[in-house]
Amino acid sequence: MEENKNSYDVLIIGGGPAGLTAGLYAARARLHCVLLERMMMGGQIATTDMVENYPGFPEGIAGSQIGPLFESQAKRFGLEVRQFQEGAKIERQDDGFTVVCGNGDQLFSKSIIVATGSSWNPLGIPGEERLRGAGVSYCATCDGAFFRDQELAVIGGGNSAVEEAVFLTRFASKVYIIHRRDQLRAEKVVQEKAFANPKIEMVWSHVPIEIVGENQVEGVKVKSVKSGEERLLPVAGVFIYVGMKADSGIVSHLLETDERGYIKAGEDTLTTCPGIFAAGDVRTKPLRQVATAVADGATAAAMAEKYLENL
Ligand code: NAP
């Protein structure tokens, strides 16, 4: 085991459920390990209001509570956590990997677990970038309370869009869900909540084409995919949930990713680069959930341990 302060057996990138579980297992295996996080612990889940499908919490658990709970459990077994700034760089060496953090810290590790997750896709329509932070948002838990008694639009038909639309009805007087098809992608139990909510109006088979407003969102222009007819919905905020893209940029020069940037790795978390393991939302997988992320974290730590034994 390495004892040098900046030299590790396992370096984990990302403090979401996958990374923190990898940290818990690696620390319990008494590997010399460090977890690097660039923002707050918990990852994407920290911006989710309630998590209702992670077993062990029959009443659900606030998304913001999961990260700190996972972190304190891992730290109890000695996991070291460091902040790293944007711009970190990883290079392969003969005996491992060097990591230069955005703040200039230089680290070395024999193996790496990438658990960097994914982030929201932009829509790419006029007004979106210009009015970002001025009514255009990708985080209902962060920004929802600014829109008390106002009308809002949510774009998308997946779990994120529909769950966050329901959450936004706590503040808004009305929430339009604008979806490009006439059927939602979200799980049935999530759909039922939306359909039962009198503040939600479905705008089926429409796509947003422009977000309008001078200095603040004043509305969203939508177009029917069936008739081509356009209309303006006068809303004060637009929340965009049109899927995710992988945050794999930090290692994409070292291994193979698919066309959307997800790291090619199976259930064993092995990537095309020996010594690098991919866990959680950042890897190619059929279901992205806290439950599958923690499973990946445990597997990645076990695989890293095996890899180190064979070095
Ligand atoms: P998602 O499942 O990929 O859904 C994206 C939605 O956006 C789809 O309805 C899609 O329409 C629509 N869309 C995509 N591009 C669009 C465009 N250019 N214009 C208009 N609409 C567009 O993404 P997500 O809801 O963010 O979920 C991501 C992952 O996290 C999923 O695996 C999801 O199950 C998981 N998640 C789970 C929970 C939970 O379990 N409670 C909560 C949140 C997220 P189409 O349906 O027509 O493709």
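Residues numbered from 1 in each chain as written. Predicted model: local features only at pLDDT ≥ 70, side-chain atom pairs only at ≥ 80, totals over all residues. Heavy atoms only, no water.

**Overview of the sheet that holds strand E16 (residues 230-233)**
Okay, so step 1: Read from one edge of the open sheet, 3 strands run E14-E15-E16, paired in antiparallel fashion. The sheet terminates laterally at strand E14 (206-212) and E16, the two strands that pair on one side only. Between one strand axis and the next, the sheet turns through 30 degrees on average, direction left out of account.
Okay, so step 2: Relative to strand E15 (residues 219-224), E14 runs antiparallel, the two being bridged by 6 bridges. Bridge pairing in E15 places His 206 opposite Ser 224. (Pairing = 2+ DSSP bridges. Helix = DSSP H or I, 4+ residues; strand = E, 2+ residues; numbered from the N terminus. Axes fitted to C-alpha atoms, helices over the stretch in contact; angles between N-to-C directions.)

**Examining the state of the cysteines**
Okay, so step 1: Across all of its chains, the model carries 1 disulfide by this definition.
Okay, so step 2: The residue that forms a disulfide with Cys 139 is Cys 142, at a sulfur-sulfur distance of 2.0 Å. Here Cys 139 and Cys 142 share a disulfide; its torsion about the S-S bond, 75 degrees, makes the bridge right-handed.
Okay, so step 3: Cys 101 supplies the cysteine sulfur nearest to Cys 273, a cysteine that is in no disulfide, at a spacing of 18 Å.
Okay, so step 4: Judged by its relative accessible area of 4%, Cys 273 is buried. (Disulfide = S-S within 2.5 Å. Buried < 20%, exposed > 50% of the residue type's maximum accessible area, 1.4 Å probe, protein only.)

**Looking at the domain arrangement of the protein**
Okay, so step 1: Here the protein is described as being made up of domain 1 (7-119 + 244-309) and domain 2 (122-240).
Okay, so step 2: Placing a centre on the C-alpha atoms of domain 1 and another on those of domain 2 gives a separation of 32 Å.
Okay, so step 3: Taken together, the 6 residues of domain 1 in the interface contact 9 residues of domain 2.
Okay, so step 4: The contact between domain 1 and domain 2 buries some 560 Å² in all, and 36% of this surface belongs to carbon and sulfur atoms.
Okay, so step 5: The largest share of the area that domain 1 buries against domain 2 comes from Thr 47, Asp 49 and Glu 52, three residues that together contribute 63% of it.
Okay, so step 6: Note that Lys 193 is salt-bridged to Glu 52, the shortest N-O span being 2.7 Å.
Okay, so step 7: In this structure, the connection of domain 1 to domain 2 is made through 3 residue pairs in polar contact (both at pLDDT 80 or more). (Domains from an automatic or database assignment. Contact = heavy atoms within 4.5 Å. Buried area = accessible area lost by both parts, 1.4 Å probe. Salt bridge = Lys/Arg side-chain N within 4 Å of Asp/Glu carboxyl O. Polar contact = N/O pair within 3.5 Å; in protein donor to acceptor, adjacent residues only side chain to side chain.)

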